[in-house]
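Structural features, examined
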Amino acid sequence: MLKQLYEQSGSFIHKGVKLWPLDREKKWGFIPQVKAGQYVNQGSILGIVLETPLFEHRIPVPPQIEGNLNYIHGGGKYAIDEPIAEIQTASGPREVMMLQRWPVRLARPYLRRLIPNELLITGQRVIDTFFPLVKGGTAGIPGGFGTGKTITQHQLSKWCDADIIIYIGCGERGNEMTGVLTDFPKLMDLKRGRPLMERTIMIANTSDMPLAARETSIYTGITIAEYYRDMGYDVALMADSISRWAEALREISGRLEEMPAEEGFPAYLASRLAKFYERAGRVKALCGKSGSVSTICAVSPPGGDFSEPVTQHTKRFVRCFWGLNKGLASARYFPAIHYMESYSEYLDLVQGWWQREVDPEWKILRDEAMQILQQDYKLQRIVKLIGEDALPDHQRLVLEGAKLLKNAFLQQNAFDEIDMFAVPKKQFLMLKIILRFYDRAKEIIKFHIPLNSIRELNVLNKINRMKEKISNESLAQFDLLLRQIDNEMNELEKESRAVL
Ligand SMILES: Nc1ncnc2c1ncn2[C@@H]1O[C@H](COP(=O)(O)OP(=O)(O)OP(=O)(O)O)[C@@H](O)[C@H]1O
Ligand SMILES: [Mg+2]
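As a convention, each chain's residues are numbered from 1 in the sequence order in which they are written. Following the order in which they are written, the chains are lettered starting with A and the ligands numbered starting with 1. Local features are withheld for residues below a pLDDT of 70 in this predicted model, meaning they are given only at 70 or higher, and side-chain atom pairs are given and counted only at 80 or more; totals for whole chains, interfaces and linings count all residues. Hydrogens and waters are ignored; side-chain quantities use all the structure's heavy atoms.

1. Structural notes on the site of ligand 1
Around ligand 1, the structure places 16 residues, and the nearest of them are Gly146, Lys149, Thr150, Ile151 and Arg173. Between ligand 1 and arginine 332, the relevant distance is 3.3 Å, taken from an oxygen atom to a side-chain nitrogen or oxygen of the residue. A distance of 3.1 Å separates a nitrogen atom of ligand 1 from a polar atom in the backbone of alanine 414. Note that accessible areas follow from Shrake-Rupley with a 1.4 Å probe, and for residues the cover is restricted to the protein chains shown. Protein contacts shield 80% of the accessible area of ligand 1, which totals 640 Å² for the unbound molecule. To be near a molecule or strand, a residue needs just one of its heavy atoms within 4 Å of it. A 3.5 Å cut-off defines polar contacts: any pair of N or O atoms within that distance qualifies, except that in protein one atom must be a possible hydrogen donor and the other a possible acceptor, and neighbouring residues in sequence count only when both atoms are side-chain atoms.

2. Comments concerning helix α5 (residues 211-229)
Under the DSSP-based scheme used, a helix requires at least four consecutive residues in state H or I and a strand at least two consecutive residues in state E, with every element numbered from the N terminus. Expected helix span is computed as 1.5 Å times (number of residues minus one). Between its first and last C-alpha atoms α5 spans 28 Å; for 19 residues at 1.5 Å apiece the expected length is 27 Å, and the two agree. The angle between axes fitted to the seven residues ending at a residue and the seven residues starting there is what we call the bend at that residue. Roughly 35° is the biggest bend found in α5, and it falls at serine 217. Counted residue by residue, α5 has 14 buried out of 19 residues, so it is predominantly covered. Partly exposed describes any residue whose relative accessible area lies between the buried limit of under 20% and the exposed limit of over 50%, with all areas from a 1.4 Å probe on protein chains only and scaled to the type maximum.

3. What to know about the domain arrangement of the chain
Start and end points for every domain follow an automatic or database-based domain assignment. Here the chain is described as being made up of domain 1 (23-97), domain 2 (112-344) and domain 3 (362-499). A separation of 33 Å is found between the C-alpha centroids of domain 2 and domain 3. The term buried area denotes the loss of accessible surface (1.4 Å probe radius) that occurs when two parts are joined, taken as the sum for both partners. For the pair domain 2 and domain 3, the two sides together bury roughly 2300 Å², of which 64% comes from carbon and sulfur. Among the residues of domain 2 in contact with domain 3, Arg125, Phe130 and Tyr339 are the three that bury the most area, contributing 38% of the side total. Throughout this description, the term salt bridge denotes a Lys or Arg side-chain nitrogen within 4 Å of a carboxyl oxygen of Asp or Glu. Among the salt bridges present, the one from aspartate 419 reaches arginine 125, with a minimum N-O distance of 3.1 Å.

4. Some words on the nonpolar core
Throughout, nonpolar core names a set of buried Ala, Val, Leu, Ile, Met, Phe, Trp, Tyr and Cys residues whose side chains join them through atoms within 4.5 Å. If you look at the biggest cluster of nonpolar residues, it comprises 83 residues, and the most contacted ones within it are Ile296, Trp322, Phe437, Ile454, Ile463 and Met466. Sorting elements by how many residues they give to this core places helix α13 (residues 424-444) first, with 11 residues. Of the residues that make up this core, three or more belong to each of domain 2 (112-344) and domain 3 (362-499). The contact definition used throughout considers only heavy atoms, calling two residues in contact when any of these lie within 4.5 Å. Filtering out sequence-adjacent residues up to four positions away, isoleucine 463 remains in contact with Leu404, Ala408, Ile433, Ile434, Phe437 and Ile485. By size, the runner-up hydrophobic cluster in this structure holds 32 residues, among which are Tyr228, Leu237, Tyr277 and Val310.

Here it is, written out as structure tokens:
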């Protein structure tokens, strides 16, 4: 597509250039899954096309068509607009081709909604462990300039365990799109060892492209997402950013001379946003398989002010909110997702998944860690007034525990080979290590052991570096670390008892 565009108009797209979005010349090998004479419903899978080695494209019967199959081709190669089958519908025979059309502003039909209770693994610790997203969930990433919205979305596109990724560059810089285009073909899918590009669809509507196209781009994206969902796939859709879409809506509405509401946005901003987010979800598709569409939208509030309408409305509709904090980002602390400004309403839904797939203790550890972070948040205000030294040891230990959680667990480098992606098991073990250290320290501090001796333990250095040192493949090393914590703590306790 890009190549053809380049041939027609060079590096920049000129006015009036027309191209079919899908190649009409290319022939695809079609493998039928049903036989002539069989009855097919809307959405049933007629056959498959191996579109890329990573992805099997299942060709469905278009919505609102059902009946007996008069014929179905098989084994050959066909262009997408050649008939591959004919269905005898109530109103006469209808030829079906691989190409399907659908109005983008209308949600595609499905059988029924399912409860989304499966974790969408992203490999990002602050997300999976603290503010998890489910397959079929909705998430918003609001943040001021340069707080890491784009990088977070790139990380999710690279690592999340969806079958298909749809990335919409909606009104953001062109070089970011180029970045994805050059990065992704080099990256490999972890499970199948193929370039990630083979499961990624990009919709480019960068800031220099027409407004009307930008306003439509998120609908185009979500319709494509629904199309793949209907084949029984888990789709993750990233939009960067929904604020630019809302701005396009505002400009179009202004030119239509509609009455402006809050901050110049049209009065229907909220209902349009709701309609868009509503299309996410886990469903039983018409073909009988279950599929999901998860939406992850960046929100760029002007001046980082979360009280503006787009952020506020997004907050009403999404159930997972990853608030990026300017202070953290400027301290180069990434991901800058702040634990006090974020939430996930999917926690209860994914609890079962974590306990079943990773460890039954997950919820206990997560709650304990969150409690330490919250206590720390309160204590930090006192520290600002009177300094850390004025606090009793058990409160200083809370600060120490929270520091460990922030530096050794929550902070994650998107550019480090090992740290960029942590499997859920690694996330759990890391949390276990930190909390073991904290709990043991809490026990022995009762014996009047100074906090400084705990801070000087050798194992602490190892804990701080475990995220970059222990890879997803060598999780057994965490056992050694656990033992080392116990040994060093026991030693310290013995020494202090001897002094007493
Ligand atoms: N997880 C991360 N690990 C390491 N560095 C990061 C991470 N997230 C963000 N950064 C750093 O922050 C910079 C800005 O991030 P990014 O471009 O994602 O911000 P943004 O919120 O999309 O900004 P804008 O509003 O300008 O689009 C990146 O260039 C990168 O250096
Ligand atoms: Mg950005």
